[in-house]
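Structural description and commentary
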Amino acid sequence: MEKLQQHFIRIRKLLDISFFRILFFIVLGLVLYTAMYTNVKPEKLDVDLFSVAEKTIRSPGTVEDKKSTERKRDEARNQVQPVYTLKNEYAQNRVDLISSIFNAASEVNDEISENLKESEEETAEDQLPTSEPSTAEKITMLTGKLTPTVTKDLSNQVFTALVQASNDELSIAKDLTVTAINNVMTKRIPADEVENAKKSLEEELKYTALNDNLRMAAIELGRYAVIQNEFYDPTATEELRQKAAESVEPVKILQGQVIVEEGELIDQEIYRQLKLVGLLQNEKTYKPFIGLIMLIVIMLSAIYYNFYLMKSSLPEKRQTYLLLFGLIFVLSIFLMKIISLLQFYNYPWVGYLFPAALAGMLLKILIDEKLAILTSVILSLCGSILFNEGVSGTLNFSVGFYILFSSLAGILYLSNQNQRSRILQAGLFAAIVNLMTLLAVMFLPNGHFSGIEYGYYFIAALVSGLISAVLTIGLLPFFEASFGILSTMRLIELSNPNHPLLRKILMEAPGTYHHSVMVANLAESACEAIGANGLLARVGSYYHDIGKTKRPHFFIENQMNQDNPHDRLTPDKSASIIIAHAVDGANILRKYQMPKEIVDIAEQHHGTSLLQFFYHKELQMNPHSKIKEEDFRYPGPKAQSKECAVIGIADSVEAAVRSIPNPTPELIESLVKKIIADRIQDGQLNECDLTMKEIETVSYTLCETLKGIFHSRIEYPELTKKVKQA
């Protein structure tokens, strides 16, 4: 295991180099592409025109059939009837024309009457009388009042009848004629119905009470007036045809649609559709592969953003976390691919066997909840592609939703249950969510399944949840040991008072145990105030003085009613014993294979600080000797992390405050600030990333916590009285 851990350390160092980091993501992308390549590769069929289909062929995707769409649009255009416009003004125009002819005849009569009257007056004055004009002259007078077109189109009999009729007869004939014209012309008269309209008018005038000549003239005038009043409108017709074409929905070959049934002849239309959906071998397409590459790039970009652009984790931990993530992710893809191969045996439920909650729970425990959720989304996308056998399309959304919800169930359950013993419960919870998700995806499309099929699906869901928990429990120690990962669960386990080392401290150095608990309370609250790992600070505080168990009585907190052995030792000897507890503690923790973070806290919590008491005592006892200050300093190293620095401050503060008989809030605050100032002055905080603002926060938090611990207590009268009586 140590060799494996060293190997991983070398790989982590390589990941610090940008080239190898890029290479890591390229390898991860190749793994994803290789795993999903065959699942997005378009199916190609070896079929010939006019051959018989050996199996039922369905469309792998939705494609618009443009040829069929255009054919349907042409049919819609052809079904639109031509638009004819009724010219309503034509009726009035023809009525006005015929009325003007009758009026002209009446004017001729009036002029003749006027001339005759004047002639009679002239006869009385002994002048020759004027005779009445002949019919020909009357016709000439009438045609002179009309246009050449009218005189040309009407027969001479019409003019003769008009000039021979009186004004009263003309008025009656006019009313009858224009009425008949108006009745006919207000109706639609297309070109092929003009003659029928004229006959209709003729029938209407045939039985009027006019004399024969005038009736025949009225009929001819009416027939002359009736013309076509309905005309073809090309603009309106084209607009209607365009609307009809646009209303036609595009014809699509839907995903999963049967193109040809088994045993059916592949005619030209079916062959064209097979070519259109890309199922023929001579049809090459690169779109699915380009789409897969784009999807992989999006996935890797999200992962890269999480690791390198977010400031959530320390740079030195990112490489470890990245390598750990890569192994867990590749393991999940590998399991997914292996299980997906069973689809070829026509087991539709095989995709639900995948331990979907495995990666999410491992990443939640070992790294980060946000990364675990991101990985759940990515794996659900990969699963929807890898388990797409038997579905009409590239993505199996049912399996994708199943993997996502199962993984999220394990992650969310562990959010409040951070103990290793809870992993199995998380697996059971994931199994329950699996069952509910399966029922949802089976019921939503109104699917019909037999009882045996329901049984297979439910067993797969239960097995998925349980295997996720079992694999998580089995792989967790391996990843923790190989990568030196100190998970929240591991910390909680180490905080158990029944741990052998904690029992060793309690039994062999009870004063140190109590001191460690007090330091843990102080350090945890201070770390949480500055955003550091409070749980790590608490657990590290429990073990930071484990080295004192080697010589417990040489430390004042364990000297209950006993002589101080340092009184019999020289200062340099006493200093070496005190200093040794940091080194001894680190060695004991390494012997028990404790996490590196805990070992570092034990080794670094004093940094290279000076044992001032024994140093000054040595100066007093041997003022003329050459005393090296380095001999009275801890070997270090100085605190490398915020947690270690805070524990060192809390350790000194707790010991100092405990030595004060009656600590007051003012005295506590003064002492805390002095200890922190001394550490800053001595350079003990130079190698950790604590800022001055965070140091102020730590100082304030320690003061508030100590004031709560050493607050003034009320002296109860009765209790005081009893004590005095005793």
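In case you missed it, the structure is sitting above this.
Residues numbered from 1 in each chain as written. Predicted model: local features only at pLDDT ≥ 70, side-chain atom pairs only at ≥ 80, totals over all residues. Heavy atoms only, no water.

Here's the deal with the packing of helix α18 (residues 423-443) against helix α19 (residues 451-483)
α19 packs onto α18 with a crossing angle of 150° between their chain directions and a minimal axis gap of 8 Å. Of the possible angle classes, the one that applies to α18 and α19 is roughly antiparallel. In this structure, α18 crosses over α19, and the sense of that crossing is right-handed. Of α19, the residues touching α18 (which contributes Ile423, Leu424, Gly427, Leu428, Ala431, Asn434, Leu435, Leu438, Leu439, Met442 and Phe443) are Tyr454, Tyr457, Phe458, Ala461, Leu462, Ser464, Gly465, Leu466, Ala469, Thr472, Ile473 and Leu476. Among the residues forming the contact of α18 with α19, the class breakdown is 18 nonpolar, 5 polar and no charged. (Axes fitted to C-alpha atoms, helices over the stretch in contact; angles between N-to-C directions. Helix = DSSP H or I, 4+ residues; strand = E, 2+ residues; numbered from the N terminus. Parallel < 35°, antiparallel > 145°, perpendicular 65-115°, else oblique. Left-handed = near helix turned anticlockwise from the far one by under 90°. Contact = heavy atoms within 4.5 Å. Nonpolar A, V, L, I, M, F, W, Y, C, P; charged D, E, K, R; others polar.)

A look at the environment of Gln92
For Gln92, the location among the structural elements is in helix α4 (residues 88-124). Given the relative accessible area of 43%, Gln92 is considered partly exposed. When the C-alpha atoms of Gln92 and Ile181 are compared, they prove to be 9.2 Å apart, with 89 residues separating the residues in sequence. (Buried < 20%, exposed > 50% of the residue type's maximum accessible area, 1.4 Å probe, protein only.)

Side note on the packing of aromatic side chains
Summed over the entire model, instances satisfying the criterion amount to 18 aromatic pairs. When the ring of Tyr37 is compared with that of Phe289, the centres are 5.2 Å apart and the planes differ by 20°; the resulting orientation is stacked. With a gap of 252 residues between them, Tyr37 in helix α2 (residues 18-40) and Phe289 in helix α13 (residues 287-309) connect regions that are remote in the sequence. A relative accessible area of 14% means that Phe289 is categorised as buried. Ring plane angle 70° and centroid distance 5.6 Å describe the contact between Tyr352 and Tyr457, whose orientation is recorded as edge-to-face. (Phe/Tyr/Trp six-rings, centres within 6.5 Å; stacked < 30°, edge-to-face > 60°.)

Here's the deal with α18
Helix length check: α18, at 21 residues, gives a terminal C-alpha distance of 30 Å against a target of 30 Å (1.5 Å per residue), a fit within 8%. By the burial criterion, the buried members of α18 are Ile423, Ala426, Gly427, Ala430, Ala431, Val433, Asn434, Thr437, Leu438, Val441 and Met442. (Expected span 1.5 Å × (residues − 1).)

Considering the side chain of Ser332
Here Ser332 shows up in helix α14 (residues 315-340). Exposure remark for Ser332: the relative accessible area of 2% places this residue in the buried category. Filtering out sequence-adjacent residues up to four positions away, Ser332 remains in contact with Phe354, Ala359 and Leu379.

Remember, this is a structural readout, not a statement about activity or role.
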